[in-house]
Amino acid sequence: MKLYSCLLFLFLCIAISFAQNTTITASVELLEEANSLSITQEIEYTNTSTKTLTEIFLNDWANAFSHKLTPLGKKFTEDYERKFYYANEEERGSTLLLKLTNNEENLIWERPENQPDIIRVKLNKVLLPQQSLKLSLVYTVKIPSSSFTRFGYDDKGYKLNYWLITPSVYKNSWQTYSHKNLDDMYFNKFNLSLNLLLPKNYSVFSSLHQQIEDTQITLTGHKLLNTKLYLLKEAEFKSFNTRYFTLISNIDNNTMQEGMQSIIINRIADYLQQHLGNFPQDKMLLTQEDYLNNPVYGLNQLPKFIQPFPDGFQYEIKMLKSITRQYLANSLTLNPRTEKWVYDAITTKLMIDYVNTYYKDMKLLGNLSSIIGVRWFHLADVNFNYRYAFLYLNMARMNLDQPVNSQTDSLLKFNKNIAIPFKAGVGLEVLDDYLKENKIPNAIKYFFNTYQLSEVTADDFYESLQKYSNKNINWFKNDYINSSKKIDFKIQAVEKETDSLIVHIKNKSSNQIPVPVYGLSKNKIVYKTWVSPQNGNYTAKIPKKNVTRIAVNYEGILPEFNQRNNYKKVTGIFNRPPQIRLLKDIEDPRYQQSFLMPEFSYNLYDGLSLGPRLSNRSFLRKTFNYKISPKYGLRSNALVGSATLSNTHQYQEQPIYQVTYGFSGTRNSYAKNLFYYRFSPYLNIYFREPDLRNNKRQILSLRSVNVLRDGSILNPTEEPDYSIANIQYTYSNRNFINYFATTLDYQVAKKFSKISATAKWRKLFLNNRQIELRLFAGAFLFNESTNSNYFSFALDRPSDYMFDYNYYGRSESSGLFSQQYIAAEGGFKSKLEPAFANQYMLTANTSFTLWNWIMLYADVGIVKNRTQKAEFLYDSGIRLNLVQDYFEIYLPLYSSLGWEPEQNNYDQKIRFIISLDFNTLIKLFTRKWY
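Thresholds, definitions, all that
- Residues numbered from 1 in each chain as written.
- Predicted model: local features only at pLDDT ≥ 70, side-chain atom pairs only at ≥ 80, totals over all residues.
- Heavy atoms only, no water.
- Pairing = 2+ DSSP bridges.
- Helix = DSSP H or I, 4+ residues; strand = E, 2+ residues; numbered from the N terminus.
- Axes fitted to C-alpha atoms, helices over the stretch in contact; angles between N-to-C directions.
- Expected span 1.5 Å × (residues − 1).
- Contact = heavy atoms within 4.5 Å.
- Patch = residues over 30% accessible without salt bridge, like charges linked within 9 Å, V, L, I, M, F, W, Y side chains within 5 Å.
- Areas by Shrake-Rupley, 256 points an atom, 1.4 Å probe, with all protein chains shown as cover.
- Salt bridge = Lys/Arg side-chain N within 4 Å of Asp/Glu carboxyl O.
- Buried < 20%, exposed > 50% of the residue type's maximum accessible area, 1.4 Å probe, protein only.
- Phe/Tyr/Trp six-rings, centres within 6.5 Å; stacked < 30°, edge-to-face > 60°.
- Lys NZ or Arg CZ within 6 Å of the ring centre and 35° of its normal.
- 1 Å grid on protein atoms, 1.4 Å probe; cavity = no way out; pocket = protein on both sides within 12 Å on 5 of 7 lines; lining within 4 Å.
- Points joined across faces, edges and corners; volume = space filled by probe spheres on them.
- Nonpolar A, V, L, I, M, F, W, Y, C, P; charged D, E, K, R; others polar.
- Domains from an automatic or database assignment.
- Parallel < 35°, antiparallel > 145°, perpendicular 65-115°, else oblique.
- Left-handed = near helix turned anticlockwise from the far one by under 90°.

Under the annotation held in an unreviewed UniProt entry, the protein chain carries the name Aminopeptidase and is attributed to Mesonia hippocampi.

Quick look at the structure:
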């Protein structure tokens, strides 16, 4: 009788549990020719909240691909992902909802404004707490191309993610989020039953239980948190049995035998079982697409023929990250849009501990660290786990870091994918070192097992950490996770007592973070202690014996903004000894470092210029920078080069985010055997929006440009020496679809004063055609150099008397180098007369798409010189927009000169833009990350 009662109680518990889960049943037919799915579906939804519901929201993320300007489409353009915007209609996806009923009664539904991938369903009667209803849907899903998100159709078949309509989560209110390619649909656990009708040549891969009867394939699963499904023509997945679950994966390593892969996967499964707990499903689906969307950054950039790590290491780290992410994502029901950082923190912490356990001595460069030449770099000295703090600091040094708990769609791509996950994991590592006794690993395991497949929030994670802490760790939430304030400490002074040292530490930020203090002897740790958070500056007392130097954060445990002020000598001469290293390297804060690098540049008159560059610039930015770069011009046989000195102040949560001031000096040739010297002190003030994804920027620049030029009898200079005071304001909002920038410029010198304004607007239309308009207006307030056009406004080729532009042959009036085009001042492409204006100039430059990257351009303008009447000029032609603003060719057609192709020397009328500057070119690849 007791046994019967226990079984009955167990059955009732299971029944109640199943009733509280959403249950989805669907019949799905693959229509291969149309790349679509015909779906008949039922959703049994239970109101598990305490509120009465009058409407239900459904996630229909397949419809996010229906238009260029959906939230997903806009996210692609924000990240300069061009494929979706230029895609054919057949490549995009959509949902056609044919029927939505409850008990055979049609329901009123709509898609909320600006959320075409969400469905709002108005209920015919209210849904009380703990009541259930059944929704019946008939719809067709048009599957998008996999070229957008890696999920969709391709030659191999169909890789489906977020393809099924599912209920949104209700937690105090409806948590409705649009698809933004962030891999973050918010699910409540649900039960799923699918009946698939597929062509005979397809196989099914998923984490669901599968039954096949004739042509009918049935898939079932319980307490699920994803709908991932692969329908493939060829089997590319392998199964690996572990002691806890079966792994189904297509993440392959062709250089490793399957048996070795199995050993690695079992070791990872054992590790996660020990450090987290049981995985709640029998199967885990691990896909190459998921990995590529969130790879092990650093390893994913390595070419396949470069294998710097021991056999299996790269595969093991790749699988470790991928399996850990799936382990957490299918176990915890955190909101991935607002609380993703918890997943990231645990994943990164587990990866750090795994490497410390099995590969403690692994270097960041792997086996390359032992190669002669490479091993001389400090980069070869650091361990593999060094990369986490380093890559976060990349954003902090650029003043682009964001709070760890930021909503994922508000983050810059580099922050979302790299900096935030790494900072979160390093934060747990800081806690672990601060608390000792394995408290953080125990807290993580407790959190995982307590809240597995249960309602959970980030606050529950904080409480789990505090539960296992013997100290107050409120700082972790308030000053580390919820803040982007920099961590920066500086040793102010060291007081010597009989047997101890009193260390006074300045906290250069307003946050309260604990800090480790070290006593060193010959760069070896003699003593270490943690100083708990204190109001204002910190004080620590350490033993004096054998200590020759004091350091703060010596091991780099804290992701500190600047570690170069963390040292103070007790004995000896230098706090940080000076050091010169060959080639650029990561910084070693133990030393005052300078880096010696080879550098080259090119112009027509100096030819190829080669020389050393001495600077303090390492791979991470610094606020204070110097560079001395003497070069030898191989054609001019002369010493040329430059020197710069600058200092930057960064500000957070203010409209002014950066102030930079400095001095630069340059010597180069401006003609054959003629040199110029340019000296310029400057002050730049930078403004930006609080939302870092917003591309609006403002710059106020003040500078003095002082130029000295050589002269000769054969080539006398029109204006040999001069000084110009320049004030410039620039506003820009550069985006993929809408581009706008404007500049106001005022210059005053001894012989002239002038003012000008430039505006540039660019628009990409839905039909993939682009139009661009540029306006320029400039006028002299006074001009006493009318005998020369050196300071005049130029119609097609500015004289660049302030030496701002990268001319390769600035004094050329004929030949290839004279055809270089720089979009400045008048902006004309044809060489017309008058070519200069010493009174005022008004021009308009426009272009629009003919086909793909072929455009038609036209310029019109008015040029006015003193004592002469105003001249109206125009030109037009074909613009080959190969790489916009970086590599373009202009072919003149019709202008004030007439039909130019029939005129002599037409090849010399062609103009081109080409950028050979590395810093300029690199922006093509980094703009989507920052």
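Next comes the rest of the write-up.
Caption draft 1: How the structure looks around the sheet that holds strand β20 (residues 246-249). Strand order in the open sheet made by the 3 strands is β19-β20-β21, with mixed pairing throughout. In this open sheet, the two edge strands, each paired with only one partner strand, are β19 (238-241) and β21 (283-286). Strand after strand, the sheet turns through a mean of 20° between neighbouring axes, direction not considered. Of the pairings in the sheet, the one linking β19 to β20 comprises 4 bridges and is antiparallel in character.

Caption draft 2: Spotlight on helix α4 (residues 258-275). For α4, which comprises 18 residues, the first-to-last C-alpha distance of 26 Å matches the rise-based estimate of 26 Å (1.5 Å per residue) to within 8%. Turning to α4, the residues buried within the fold contact β19, β20, α6 (313-329), α7 (340-358) and α10 (439-450). With its phi angle positive at about 145°, Gly277 sits one or two positions after the end of α4.

Caption draft 3: View of a nonpolar patch on the surface. Together, Phe848, Leu850, Trp851, Trp853, Leu882, Val883, Phe887, Ile914 and Leu916 make up a nonpolar patch on the protein surface, roughly 810 Å² of accessible area in all. For the nonpolar patch, the elements supplying multiple residues, two or more each, are β43 (840-851) and β45 (871-883). Tallying contributions element by element places β43 first for the nonpolar patch, with 3 residues. Examined against the element boundaries, Leu916 turns out to sit in the loop between β48 (911-914) and α13 (918-926).

Caption draft 4: Fine view of α6. Look at α6: 24 Å from first C-alpha to last across 17 residues, which is about the 24 Å you get at 1.5 Å a residue. The element α6 is largely enclosed, with a buried count of 16 among its 17 residues.

Caption draft 5: Expanded view of the packing of aromatic side chains. Taken as a whole, this structure holds 65 aromatic pairs when the rule is applied. Ring geometry for Tyr86 versus Phe736: centroids 6.2 Å apart, planes at 85°, classification edge-to-face. Within this pair, whereas Tyr86 is found in helix α3 (residues 83-86), its partner Phe736 is found in the loop between β37 (721-734) and β38 (738-749), the two being separated by 650 residues in sequence. Linked through ring pairs, Tyr722, Phe752, Phe776, Phe780, Tyr790, Phe791, Phe793 and Tyr801 together constitute an aromatic cluster. In this structure, Arg387 is placed above the aromatic ring of Tyr388, and the distance from its NZ or CZ to the ring centre is 4.5 Å.

Caption draft 6: Broad picture of the layout of surface pockets. Estimated volume of the second largest pocket: approximately 1,100 Å³. Along the walls of the second largest pocket sit 32 residues, with Asn383, Tyr386, Glu555, Gly556 and Ile557 positioned nearest its centre. Broken down by secondary-structure element, the contributors of at least two residues to the lining of the second largest pocket are α7, α8 (386-397) and α9 (413-435). Per-element accounting of the lining of the second largest pocket gives the leading share, 6 residues, to α8. Taken together, the residues that form the lining of the second largest pocket break down as 14 nonpolar, 6 polar and 12 charged.

Caption draft 7: Geometry of the domain arrangement of the protein chain. The assigned domain composition of the protein chain is domain 1 (19-236), domain 2 (239-331), domain 3 (339-481), domain 4 (491-576) and domain 5 (735-927). Each of domain 1 and domain 4 was reduced to a C-alpha centroid, and the two centroids are 56 Å apart.

Caption draft 8: Representation of empty space enclosed by the protein within the structure. Under the criterion given, the structure shown has 9 cavities of 30 Å³ or more. Estimates place the volume of the largest cavity at around 430 Å³. Among the secondary structure elements, those contributing two or more residues to the lining of the largest cavity are α6 and α7. Here the residues of the lining of the largest cavity sort into 11 nonpolar, 7 polar and 7 charged.

Caption draft 9: Broad picture of the pattern of salt bridges. Per the counting criterion, the structure on display carries 47 salt bridges. For Arg111, the salt bridge goes to Asp60, with nearest N and O atoms at 2.9 Å. Of the two residues, Arg111 is situated in the loop between β6 (108-110) and β7 (118-127) and Asp60 in the loop between β3 (53-59) and α2 (71-78); the sequence distance between them amounts to 51 residues. The exposure class of Arg111 is partly exposed, given its relative accessible area of 23%. With a shortest N-O distance of 2.8 Å, Lys340 and Asp344 are connected by a salt bridge. In this pair, Lys340 and Asp344 both sit in helix α7, 4 residues apart, roughly one turn of the helix. A residue is classified by how much of its surface remains accessible, and Lys340, at 11% relative accessible area, is buried. The buried category is assigned to Asp344, whose relative accessible area is 10%. Linked by salt bridges that have partners in common, Lys75, Glu78, Asp79 and Arg693 make up one network.

Caption draft 10: How the structure looks around the environment of Gln261. With respect to the element layout, Gln261 can be found in helix α4. For Gln261, a relative accessible area of 1% puts it in the buried group. In the structure, Gln261 is positioned 89 residues away from Asn172 in sequence and 45 Å away in space, judged by C-alpha atoms.

Caption draft 11: Looking closely at the packing of α7 against helix α11 (residues 458-467). Close contact between α7 and α11 brings their axes to 9 Å; oriented N to C, the two are set at 40°. Considering their axes alone, α7 and α11 lie oblique with respect to each other. Viewed along their axes, α7 and α11 form a crossing whose handedness is left-handed. Where α7 abuts α11, its residues Trp341, Val342 and Ile346 lie against Ala458, Phe461 and Tyr462. Across the contact of α7 with α11, the residue classes break down as 6 nonpolar, no polar and no charged.

Caption draft 12: Local environment of the packing of α4 against α6. Put simply, α4 and α6 touch, their axes get as near as 10 Å, and they point 45° apart. The pairing of α4 with α6 is recorded here as oblique in orientation. In the packing of α4 onto α6, the handedness of the crossing is right-handed. Listed contacts from α6 to Gln261, Ile264, Ile265, Arg267, Ile268, Tyr271, Leu272 and Gln273 of α4 are Tyr315, Glu316, Met319, Leu320, Ile323, Thr324 and Tyr327. Per-class residue counts for the contact of α4 with α6 are 10 nonpolar, 3 polar and 2 charged.

Caption draft 13: Up close: the sheet that holds strand β23 (residues 500-507). With respect to topology, 3 strands assemble into an open sheet ordered β22-β23-β26, the strand pairing being antiparallel. Bordering the open sheet on either side are β22 (489-496) and β26 (538-543), each of which pairs with just one other strand. Between one strand axis and the next, the sheet turns by 25° as a mean value, whatever way the strands run. Here β23 runs beside β26; their pairing, made up of 6 bridges, is antiparallel. Counterpart to Ile502 in the pairing with β26 is Lys541.

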